[in-house]
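Each chain, written out:
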Amino acid sequence: MPDSRAAPIELAEDRALSAPAEARHEPALLERAGQLAAIDALLAGTAAGRGGALLVEAGAGLGKTRLLRAAEARGGQVGMTVLTAVGGRFEQERPWGAAQALLLPALGVLTLADRRRLGAEWTATGAARSDADLVRVADAFFRAVQALAQRGPLLLCLDDGHWIDPASLRFVLYLLQRIDEVPIALVLAARPGEGTPAQPLLAHVAAHAAVRRIELPPLSPAASRELAAELTGAEDPGAVVGDVHALTAGNPFFLVSLLEAAAGELGGDRPLSPQRVKQLAAASLRSAVAIRLADRGPDAVAVARAVAVLGSEATVRRAALLARVAEPAAAVATDALVDADVLDPGEPLCFVHPLVAAAVYDALRPAAAADGHVRAARLLGDEGSGADVVGAHLLHAPRRADGWAVARLREAAAQASALGASRSALRFLQRALDEPPPPPDRAEVLVELARAQAATGDEAAGRTFAAALAAIDDPIRRAAVRRDEGRWLFTTGRTRAAARTYELARVDLAQVDPDHPLDQELRAAYLGVAQFDVDLRPLVERELRTLIEGDEAGSTPAERMLLAQLALQQTLAAVPRERVRQLCDRAWAAEALLADEGADGDAWTLVCGSLYWIGDLERELEILDATRAEAERSRSPLACATVAWCSAPALLHRGDVSGALAQAEAALDARRIGWARHLGSLHRVHARCLIERGELAAAEETLAVVMDDPILRHSSEFTILLEARGRLKLLRQDPNGALADFEAAGVRARRDSLAELPSAVPWRSSAAFARHALGDREAALELLAEELALAERAGVDRAISTTLRIRGLVEGGDEGLESLRAAVEALPGDRPRLERTYALVDLGAALRRAGRRRDAEQPLRQALAAAQSGGATLLAERARTELQALGARVRRTDVEDRDVLTASERRVALLAAEGRTNREIAGELYISPKTVEYHLSQSFRKLSV
């Protein structure tokens, strides 16, 4: 069954909203005052600049479409731009079909400048195959909507949401995340519980905080009586309305259909008898529609059936070809169907209601319907329609071992993958395999199906990869397929199986071409995977030693990826930092690594992670600047989130707590658009920023969000979460609880290969501080000696300074003062570091306690200035308290006024301070220019600017 209306997509000011009512009589909307009031409230809020959304839920025939038409009319009356689209039963596999139908016709009204601001062609977004790509496409649609909304309030009406393709519903969810920031009203109508592919996403839409749900109940007997009076002209409708209401259960569509049929039999003063109502109601809707069709002749029957099969692609010419009716006769039949209230007027051809469409389609014999779909696919394919349109029909076509059908289904799958709709691609490929494909093509269909299954998390991918490999004789092709299988195994946590698969792929290549370029990629992939397996790690280390001695050039993408993997492995093995820095530079290769994969890749994050752990924050931030620019250029929200995640810890350890917090919260905000990488380390750095600001309750809250995550509990990220929670417990005066967390982190660090690098998980120095608080000085010093040796071996100055500082606190006396001085000197004064500020505060406090008040003031003032400039509230307060204890005068600086800003205000203010325009800030943060103006005005007010 096709759409109820074939995507009536036009601007409200360009159409006559009264056209349907002029074509046929439509009774008044009864008992819908509350729902209409909700629509009016939504439109009023949107006109005032506040977006919002309504979800109209009701069963078939209860008036969803009538209510949406009323919303369209009211939106047009108040001067809103109105865009509409409708889901179609046979269009659910067309990725982004509803979103494109909604927006494409409206883009022409934008100015040239607006269209250019949308960036690259939003309908051709490249080879999107992951969640990141899917979000990028959704963001392109959102930017189009945002540009339209800047011209004036916008009303989007989507009917038959239960038949909207899942990709378009992802766009709806993306829009809902920011709808309060743009003057957009969204009204979506759907049937609940239909069990379509859209249903899971519709459940998310229904549960969204920005959505108000309204239901349409059946009409009451009183409303049925009013309809009977209006449509039949009966003076005493009460005599029959009880029967009519009972027979239709108050369903408005059935009521109108029955009463209009009854009205045709009434004479001037002859009332409608209850007996006749029962006779009319005895026939099903299918029979009633069949009678209407039969009355208009065989051509009308054939054309109606053709429209039912074609769906939203139906035109008079296409219906004529499919129905095997001459085009002039098809045009006459179409007019007759409009007169019979079967079709709406105009093209594309569409039924007046989904129930009418269902009645026509369901009356077809299954074989006739299937044959109709295959002929429709051929017809549309010959006309050059998109692969998604043709493929959607082939899903319902008979299996005929047709090579043409297999080729079209594969094209549809490739197009779906390119638009990020992996589940649609999966269904197209499963159908292609069922056709079945010609023997020469079967292996490739299996490979494509396995990739689609892997992309959707389908466990059947393993069996499909095995079947594909069994069907492939060419060793090079087998190696490429094993590479894809290895990636799937690794992303699903099967590290050892992934490593073994990469090994087998290299064996395949060695049979014919050991020097094939693919071997370098497989080698890098193997090393990247195997280093996470304790039993395989010795093999990795031997391989890496060979690489180091071989001095890989880094001239190819595979070699650069290998060098990035090598840099991280060497970092975690605590090799001297200079060697790691050289590997990072060779991997980065003057931004060639970024060009290899783009900002959505992973390799650059390995380089940044390595530089962070060895303490080369300046070089890391240079790379992050370049990657941020690329992420913004490519308009990738997920890449921007990853850059923010990487930036937060680097800025934190540089002492810029405010900047780090802004970046951490920007990454956290990106969860609403599907970013879910590295959540453990993100919440850890977020908590650390909040700790530095003295917001301990908020820090506990952000850690609690992830501490119970069952997936994170089995990852190395949980190790650093334990260390962060231990810090909080120390501040809460719970050294026993803190020690338990630190020691648990130590056990896990050894398992996760993080134990050799103190800058990764400084559990020893943290545990030493807890033991010191418990009075166990000897155990504390033993832990510190072990950590200092590791830190000095790796040459990580941040870790050296931390260990020396805590040793100074544990030792006390003159020895302690010397350790504290050494902690300050371990970090050069020309490069800001949070750890140096800590060391300055502790040194000043120790000098004051030792009676050396004059010596104490200088380090304390240095610490106060650094803490104030970076927003490290807790440290600034400690330094201020110590200075006041010395009797020194301390002023609150203007810099500390930043603390009164919210995280969102800080992010906007920092970008404005860098010289960004409001529009540029809005684009980078994915908010509206109006929201930017609001945040800036609030910041100016708070800072008395």
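Student: How would you summarise the sheet that holds strand E4 (residues 184–190) if you had to cite specific residues and measurements?
Tutor: Strand order in the open sheet made by the 5 strands is E2-E3-E4-E1-E5, with parallel pairing throughout. Only two strands of the sheet have a single neighbouring strand rather than two, namely strand E2 (81–86) and strand E5 (211–215). Across the sheet, the axes of successive neighbouring strands diverge by a mean angle of 15 degrees, strand direction being ignored. In the sheet, strand E3 (residues 154–159) pairs with E4 via 5 bridges, with the strands oriented parallel. Within E4, the residue paired with Leu 156 across the bridge is Leu 186.

Student: Mind laying out helix H40 (residues 777–794), listing which residues take part and the relevant values?
Tutor: Given a rise of 1.5 Å per residue, 18 residues ought to cover 26 Å, and the 26 Å separating the end C-alpha atoms of H40 matches this to within 8%. Looking at H40, one finds that the buried residues are Ala 780, Leu 783, Leu 784, Glu 787, Leu 788, Leu 790, Ala 791 and Ala 794. All buried residues of H40 project into a common sector of 165 degrees when viewed along the axis, lining one side. H40 presents Glu 778 and Glu 782 as exposed residues on the side facing more than 90 degrees away from its buried surface. Structurally, H40 contributes buried residues whose contacts are with helix H29 (577–588), helix H39 (763–773) and helix H41 (797–811). One or two residues past the end of H40 sits Gly 795, with phi positive at roughly 75 degrees.

Student: Quick rundown of the packing of aromatic side chains? Include the residues and the values.
Tutor: One pass over the structure, following the stated rule, counts 5 aromatic pairs. Where Trp 96 meets Phe 141, the ring centres are 5.3 Å apart and the plane angle is 20 degrees; that geometry is what we call stacked. With a gap of 45 residues between them, Trp 96 in the loop between E2 and helix H4 (97–103) and Phe 141 in helix H6 (residues 131–149) connect regions that are remote in the sequence. A single burial state applies to Trp 96 and to Phe 141, both of which are buried. Ring geometry for Phe 141 and Phe 171: centres 5.6 Å apart, planes at 45 degrees, overall tilted. Here Phe 141 is found in helix H6, whereas its partner Phe 171 is found in helix H7 (residues 166–176), with 30 residues between them in sequence.

Student: An account of the packing of helix H28 (residues 557–572) against helix H31 (residues 603–614) is requested, with residue identities and associated values reported.
Tutor: It is at 9 Å that the axes of H28 and H31 come closest, and there the two elements cross at 30 degrees. When the interaxial angle is binned, H28 and H31 end up roughly parallel. Relative to H31, H28 is oriented so that their crossing is left-handed. Two secondary-structure elements touch here, H28 through Met 561, Ala 564, Gln 565, Ala 567, Leu 568 and Thr 571 and H31 through Ala 603, Leu 606, Val 607, Ser 610, Trp 613 and Ile 614. Of the residues in the contact of H28 with H31, the class split is 9 nonpolar, 3 polar and no charged.

Here is what the cut-offs are and how they apply
- Residues numbered from 1 in each chain as written.
- Predicted model: local features only at pLDDT ≥ 70, side-chain atom pairs only at ≥ 80, totals over all residues.
- Heavy atoms only, no water.
- Pairing = 2+ DSSP bridges.
- Helix = DSSP H or I, 4+ residues; strand = E, 2+ residues; numbered from the N terminus.
- Axes fitted to C-alpha atoms, helices over the stretch in contact; angles between N-to-C directions.
- Expected span 1.5 Å × (residues − 1).
- Buried < 20%, exposed > 50% of the residue type's maximum accessible area, 1.4 Å probe, protein only.
- Arc of directions from axis to C-beta.
- Contact = heavy atoms within 4.5 Å.
- Phe/Tyr/Trp six-rings, centres within 6.5 Å; stacked < 30°, edge-to-face > 60°.
- Parallel < 35°, antiparallel > 145°, perpendicular 65-115°, else oblique.
- Left-handed = near helix turned anticlockwise from the far one by under 90°.
- Nonpolar A, V, L, I, M, F, W, Y, C, P; charged D, E, K, R; others polar.

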